[in-house]
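Structure at a glance
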Amino acid sequence: MAAFGEAAPYLRKSEKERIEAQNRPFDAKSSVFVVHPKESFVKGTIQSREAGKVTVQTEGGETLTVKEDQIFSMNPPKYDKIEDMAMMTHLHEPAVLYNLKERYAAWMIYTYSGLFCVTVNPYKWLPVYNPEVVLAYRGKKRQEAPPHIFSISDNAYQFMLNDRENQSILITGESGAGKTVNTKRVIQYFATIAASGEKKKEEQSGKMQGTLEDQIISANPLLEAFGNAKTVRNDNSSRFGKFIRIHFGATGKLASADIETYLLEKSRVTFQLKAERSYHIFYQVTSNKKPELIDMLLITTNPYDFHYVSQGEVTVPSIDDQEELMATDSAIDILGFTADEKTAIYKLTGAVMHYGNLKFKQKQREEQAEPDGTEVADKAAYLMGLNSADLLKALCYPRVKVGNEYVTKGQTVEQVNNAVGALAKAVYERMFLWMVVRINQQLDTKQPRQYFIGVLDIAGFEIFDFNSFEQLCINFTNEKLQQFFNHHMFVLEQEEYKKEGIEWTFIDFGMDLAACIELIEKPMGIFSILEEECMFPKATDTSFKNKLYDQHLGKSSNFQKPKPAKGKVEAHFSLVHYAGTVDYNITGWLEKNKDPLNETVIGLYQKSSVKTLALLFANYGGADAGQLYAGGGKKGGKKKGSSFQTVSALFRENLNKLMTNLRSTHPHFVRCIIPNETKTPGAMEHELVLHQLRCNGVLEGIRICRKGFPSRVLYADFKQRYRVLNASAIPEGQFMDSKKASEKLLGSIDVDHTQYRFGHTKVFFKAGLIGLLEEMRDEKLAEIMTMTQARCRGFLMRVEYRKMVERRDSIFCIQYNVRAFMNVKHWPWMKLFFKIKPLLKSAESEKEMANMKQEFEKTKEELAKSEAKRKELEEKMVVLLQEKNDLQLQVQAEADSLADAEERCDQLIKTKIQLEAKIKEVTERAEDEEEINAELTAKKRKLEDECSELKKDIDDLELTLAKVEKEKHATENKVKNLTEEMAALDETIAKLTKEKKALQEAHQQTLDDLQVEEDKVNTLTKAKIKLEQQVDDLEGSLEQEKKLRMDLERAKRKLEGDLKLANDSIMDLENDKQQLDEKLKKKDFEISQIQTASREAPKLGLSLQVRELEGEVDAEQKRSAEAVKGVRKYERRVKELTYQSEEDRKNILRLQDLVDKLQMKVKSYKRQAEEAEELSNVNLSKFRKIQHELDEAEERADIAESQVNKLRAKSREFHGKKIEEEE
Ligand SMILES: Nc1ncnc2c1ncn2[C@@H]1O[C@H](COP(=O)(O)OP(=O)(O)OP(=O)(O)O)[C@@H](O)[C@H]1O
Ligand SMILES: [Mg+2]
């Protein structure tokens, strides 16, 4: 532990403390956790048990009586502050909670839990991230070092190098739990241990840039300045998700990196809650640390001058905006943005601030907005490189495309304000995404890369009071990630058991997330309905809701109607997620998903003199051409402007890409936990933490981890590593296969034999057993080492001993001599000897001379010999030199060819690298292709569905057509009948008129005759006035006759008038009929047209299209949309036709009525005519009679005249006679 320096106490307690804690008195029977109404769980001791009830005295002194299942056994002190909770004997919620809590109280924030690494936010800086800690974790196995994010990182790194597999580290948790902090630590770790070591990007063309690791680390301050903000829960809350991939070369050195971002919360640009703040960058530029920025952006140092950024707070105590501005600024430089780009970044930030101050007012007596002052617009336009008048005009009078033409549209003040907000958000978002793209370009080195480690920092599952579209996206992401985890842990685990032939009953972990995921993302799921609704111009939130209800309510158990409750925000539907039921409010989803922008202003942006702004919108094609700006990653510049993409579609595409990426990796899971809502270091709220543990699957993970056999070792490895445990089990010099050896070995050692299983290639262990084996191995090794050490020490000691003995002997000798000398020192003879001794020297020197002479002779001889040898050698040397030169020449030649070969080799390596890159590209493209393919097949299926629906529609249409045709035939027949009848009527009418004419003539005749007769009669009457009573009578009857005739005449005139009327109405009817005939003909024509159109066009087209689908799904989509339109048109047409035919039928009925009436009239006329005829006949006969009588009367008158004459003559005679008599 010494290697960890001052961090050691925060990572693992000292031996002494541990031993103390483990020796605490403990009664396994009575120590329990008990359910508590306020604290969730508390520690306590059992007082008594009776009839299913237990009385517990809590630590706090309370006495609780609870049911049996509300107490949980405590783990023995041996497990105190255990590092991997999967090892615990009693594994349940309170044990996990209290272990975390106790570790947290001791500032040990990292704890393992099976596959997970759980970390609790300490809310204060611990020394656990110091450089020496990095070094201490380097190369350590997970079991060998205390839990730490560095350990996870190092393991991922080791796995990558050993297994040659991509790795990913998934860091999730609620807001403020510490995801971003841990992500940064991971990156710091890799940047330290795998630094590429070369100063590659120095002063290129005057740009100041850092090394790759500097750049990777610098990406953070920049992204945080633009993507982080203060929220209620977190002063530095990331308002976007990110996936950072760090690529390593073959030797494990950093090679490059890329970043992908998800779902930037752009609404914050224009709106903040009271206790929150907008993105840091706004307050950094107003901090006045760089006064030149204030001048450049035409802003003030007071954020309250800018409405968009001052709706909540403007300062954060824990953040120094001035310092952060410097960090942002230098990050921009290190990341290699050009001076122009840097200026553009600041200017656009300033422009967004000014946008919030744009004011508009209503024109008098008009619903039209007009600018209220132009100063702000001038500033904003200046910063964006636009003409301010153009900008204002485009805002107040945008030009919209109607069909193929552009028309100018008026805007209300509200509409203009909304458009300004949308534009500000779009500029900000696109700038953010563009920066990510640029960073990626910068981090994308040309160094060969082999494998990557991805770090995912994304918001965790959360349930708020008000959950909107964005929350659905986040929760859906987490649902997917949880599924990924489940899949990784549960399914793969069990599959592995099956593959290895281990007896194992398949566990259904009840975490079947597929239903919820399908409900959201499958065709006809929530997203696809939302996208469909976005295509209909008339769709509203309500129609969207209705569609959702029609499709899913009652059919999917995950889709529910929200239960209304008092004080709850209005919700429209509930989804049952793995971590809980969430109520969603769908207000404004369609708008959010379509995300429309004022295209006239976009047009101006595209022509802006600020190149960066023009670039941001370069691929904006308007609502019908899509608005994607690829969100980073290697395909940074890739444009998909061709098809309209809604926000949800883009999100799903990115998420799918992420999931594919993750599925190709070996994942490591880190779960961040927020211990309390008040940011208090050291305090832990039980309920809050338990909720998070449930939400993020930690508890479930532990349970399953313990059920299975999480540790596994290959037989060969096992044999190799653990053979020391009992070497005699595997006899030396005799072959035994690894499996059998392992079985024998495990069988021979003293462990719990139920704790392991033998698979086909590996041996599987329950959690904890490997630890035990390791311990045993360590002990054994320690024993062996001690033995070896003892031997060595013994040997060394013996050597030393021998030396010591020798030393002792020599000491004895010296002592003896010294003593002897001391004894004889003062002896006179001895003194004499001392005196004489120096004189002995000369005698000695003569002897030496003689010796020297002898030696000189010898040396001379030797010299001669050596001289001869030297000559010989020199000769040899000449030869050798020659040889050497030859050889050198040869070497030169060979070196040349070697260089050649090396060059070729280099070239080959280069081509290999290129090819590898190509292969990567191709595989990536293939992946993309596959994705697209999958999408296309989904689309194809959808289209096919639509096709079949269309076919059904067409069948229906055909049916209705046939019906209409039948009806048409019927009406035709009726009309034919009617015309025939009309003709007959015409004929009869003609006949009648003829007859009438004849009658009239006869009448005239009779009248004339009558006149004549009358005249005659008149003359006669005149003649006969004077006649007797008989004549008067006759005259009276004649008078009566006259009266009768007058009546007849009147009737006749009336009849004539009626006839004329009838003729007129017949004419009208004929006209009507003609019109109807025309209409009918038209209708016939149209029906035949429709028939052919509906029979040929869509059917043939569709079947053709279906065949072509695989190849040209895009075209297909368009065509099918047209077909849908066509069918809808036909539907409308058919409706019109049926309506028309109904109208016609009504007309015909009316006509028939009219005809009937006419017939009746004609009949009555006929009758009247007949009556008139009869009458005239009667009159004629009367007339004749009268004439006859008249004749008779005349005759009689004649007779009477003659009688009168006779009488007169007689009277004259008589008179004469009388006179004669008188005379
Ligand atoms: N390991 C840690 N050591 C010290 N402080 C920490 C640690 N983890 C988190 N914190 C503190 O908590 C704050 C919030 O952490 P962080 O920003 O990582 O949260 P987050 O999970 O990313 O939240 P969000 O989802 O809002 O982005 C940090 O600013 C820091 O003050
Ligand atoms: Mg964060």
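Within any chain, residue numbers begin from 1 and follow the written order of that chain's sequence. A letter from A marks each chain and a number from 1 marks each ligand, given out in the order of writing. Whole-chain, interface and lining totals are the exception, using all residues; otherwise, since this is a predicted model, local features are given only for residues with pLDDT of at least 70 and side-chain atom pairs are given and counted only at 80 or more. The side-chain quantities take in all heavy atoms of the structure and omit both hydrogens and water.

This next bit is on the sheet that holds strand 24 (residues 762-765). Paired strands, in this sense, are two strands between which DSSP finds at least two bridges. Note on conventions: DSSP H or I runs of at least 4 residues are helices, E runs of at least 2 residues are strands, and numbering of each starts at the N terminus. Here we have 3 strands laid out as an open sheet, ordered 22-24-23, and antiparallel in their pairing. Only two strands of the sheet have a single partner each, and these edge strands are strand 22 (711-714) and strand 23 (756-758). Between one strand and the next, the sheet's axes are offset by a mean angle of 20°, whatever the strand orientation. The pairing of strand 23 with strand 24 spans 3 bridges and is classified as antiparallel. Note on strand 24: the bridge partner recorded for Arg757 is Phe764. In this fold helix 24 (residues 715-722) packs onto strand 22, strand 23 and strand 24, with an angle of close to 90° to the strand it touches most, strand 22. Every axis in this analysis is a line fitted to C-alpha atoms, fitted for helices over the stretch in contact. Angles between the N-to-C directions lie between 0 and 180 degrees. Contact between two residues is taken to exist if any of their heavy atoms lie within 4.5 Å; hydrogens are not considered.

In spatial order, the strands read 4-3-2-1-5; together these 5 strands make up an open sheet with antiparallel pairing. The sheet terminates laterally at strand 4 (63-67) and strand 5 (71-73), the two strands that pair on one side only. Averaged over all pairs of adjacent strands, the angle between strand axes in this sheet comes to 45°, irrespective of strand direction. As defined by bridge partners, strand 3 (residues 53-58) adjoins strand 4 across 5 bridges and the pair is classed as antiparallel. Looking across to strand 4, one finds that Val54 is bridged to Val66.

Here we take up the site of ligand 1. Here, proximity means that at least one heavy atom of the residue falls within 4 Å of the molecule or strand. Near ligand 1, the surroundings consist of 18 residues, among which Ser175, Gly176, Thr180, Ser237 and Ser238 are the closest. Polar contacts, as counted here, are pairs of nitrogen or oxygen atoms within 3.5 Å of one another; within protein the pair requires one atom able to donate a hydrogen and one able to accept it, and residues that are adjacent in sequence qualify only if both atoms are side-chain atoms. With respect to ligand 1, the side chain of Tyr129 contributes an N or O atom lying 2.9 Å from a nitrogen atom. Asn236 is positioned such that a nitrogen or oxygen atom in its backbone is 3.4 Å from an oxygen atom of ligand 1. For the accessible areas, the method is Shrake-Rupley and the probe is 1.4 Å, while residue cover comes only from the protein chains on display. Coverage of ligand 1 by the protein amounts to 90% of the 630 Å² it exposes when considered alone. Listing elements by their share of the shell around ligand 1, those giving two or more residues are helix 5 (179-193) and strand 10 (237-238). Ranked by the residues each element gives to the shell around ligand 1, the list is headed by helix 5, at 3 residues. In this classification, the charged set is Asp, Glu, Lys and Arg, the nonpolar set is Ala, Val, Leu, Ile, Met, Phe, Trp, Tyr, Cys and Pro, and all remaining amino acids, among them Gly, are polar. By residue class, the composition of the shell around ligand 1 is 6 nonpolar, 9 polar and 3 charged.

Salt-bridge detection follows one rule: a side-chain nitrogen of Lys or Arg within 4 Å of a carboxyl oxygen of Asp or Glu. Scanning the entire structure with this criterion turns up 44 salt bridges. Between Lys762 and Glu496 there is a salt bridge; the shortest N-O distance is 2.5 Å. Residue Lys762 is located in strand 24, and its partner Glu496 is located in helix 14 (residues 469-499); the two are separated by 266 residues in the primary sequence. Throughout, exposure labels follow a simple rule: accessible area from a 1.4 Å probe, protein chains only, divided by the maximum for the residue type, with under 20% read as buried, over 50% as exposed, and the rest as partly exposed. On the accessibility criterion, Glu496 (14% relative accessible area) is buried. Between Arg808 and Asp809 there is a salt bridge whose closest N-O contact spans 3.9 Å. Connected via shared salt-bridge partners are Lys290, Glu292, Asp329, Asp333 and Lys342.

Coordination of the magnesium ion (ligand 2) by the protein involves Thr180 (OG1) and Ser238 (OG), with metal-donor separations of 1.9 to 2.0 Å. Here the residue Thr180 occupies a position in helix 5, and Ser238 occupies one in strand 10, the gap between them amounting to 58 residues. Across this residue pair, the class does not change: Thr180 and Ser238 are buried. Metal coordination here is assigned from N, O and S atoms located within 2.8 Å of the ion, or within 3.2 Å for Na, K and Ca; omission of water means that sites may look incomplete.

Here the focus is the packing of aromatic side chains. Under the pairing criterion, centres of Phe, Tyr and Trp rings, with the six-membered ring standing for Trp, must be within 6.5 Å; the plane angle then separates stacked pairs below 30 degrees from edge-to-face pairs above 60, leaving the rest tilted. All chains considered together, the criterion is met by 42 aromatic pairs. With a centroid separation of 5.7 Å and an interplanar angle of 80°, the aromatic rings of Phe190 and Phe248 are classed as edge-to-face. Highlighted residues: Phe190 in helix 5 and Phe248 in strand 11 (residues 241-248), separated in sequence by 58 residues. A residue is classified by how much of its surface remains accessible, and Phe190, at 0% relative accessible area, is buried. Taken together, the ring pairs connect Phe469, Phe476, Phe527, Phe544, Tyr549, Phe559, Phe573, Tyr584, Trp589 and Phe651 into an aromatic cluster. As a reminder, the over-ring test applies to NZ of lysine and CZ of arginine, requiring each to be within 6 Å of the ring centre and within 35 degrees of the ring normal. If you follow Arg142 out to its NZ or CZ, it ends over the ring of Tyr112, 4.0 Å from the centre. Directly above the aromatic system of Tyr549 lies the positively charged group of Lys545, at a separation of 5.4 Å from the ring centroid.

Taken as a whole, helix 19 (residues 599-606) has its buried residues at Thr600, Val601, Ile602, Gly603 and Tyr605. Residues of helix 19 that are buried make contact with helix 10 (339-355), helix 11 (375-384), helix 12 (388-396), strand 15 (399-402), helix 13 (413-443) and helix 20 (611-616). Of the residues that open helix 19, the one with a side-chain oxygen 3.0 Å from the backbone nitrogen of Thr600 is Asn598.

Confidence along the protein averages 86 in pLDDT terms, with 92% of residues attaining 70 or more. Contacts from residues 200-207, a stretch scored under 50 in pLDDT, to residues over four places away or in other chains number 10 contacts. Low pLDDT, under 50, characterises residues 623-643; the predicted model gives this stretch 56 contacts beyond four residues in sequence or across chains. Per-residue confidence from the predictor is reported as pLDDT, a score between 0 and 100.

Side chains that are nonpolar tend, in soluble globular proteins, to be buried together. Take the buried residues of types Ala, Val, Leu, Ile, Met, Phe, Trp, Tyr and Cys, join any two whose side-chain atoms come within 4.5 Å, and each joined set is a nonpolar core. Grouped together as the largest cluster of nonpolar side chains are 203 residues, with contacts concentrated most on Phe226, Tyr355, Phe573, Tyr605 and Phe617. Tallying contributions element by element places helix 13 first for this core, with 17 residues. Discounting chain neighbours no more than four positions away, the residues touching Phe573 are Ile526, Leu548, Tyr549, Phe559, Gln560, Pro562, Val582, Asp583, Tyr584, Ile586 and Trp589. Among the nonpolar cores identified, the runner-up in size contains 19 residues, and Ile730, Ile749, Val763 and Ile770 belong to it.

The subject of this paragraph is the packing of helix 16 (residues 526-535) against helix 21 (residues 647-663). Two quantities define a packed helix pair, namely the angle between the axes and the distance from one axis to the other. The interhelical angle for the contact between helix 16 and helix 21, taken along N-to-C directions, is 145°, at an axis separation of 9 Å. Between helix 16 and helix 21, the contacting residues are Phe527, Ser528, Leu530 and Glu531 on the first element and Ser648, Ala649, Phe651 and Arg652 on the second. For the contact of helix 16 with helix 21, the class distribution of residues is 4 nonpolar, 2 polar and 2 charged.

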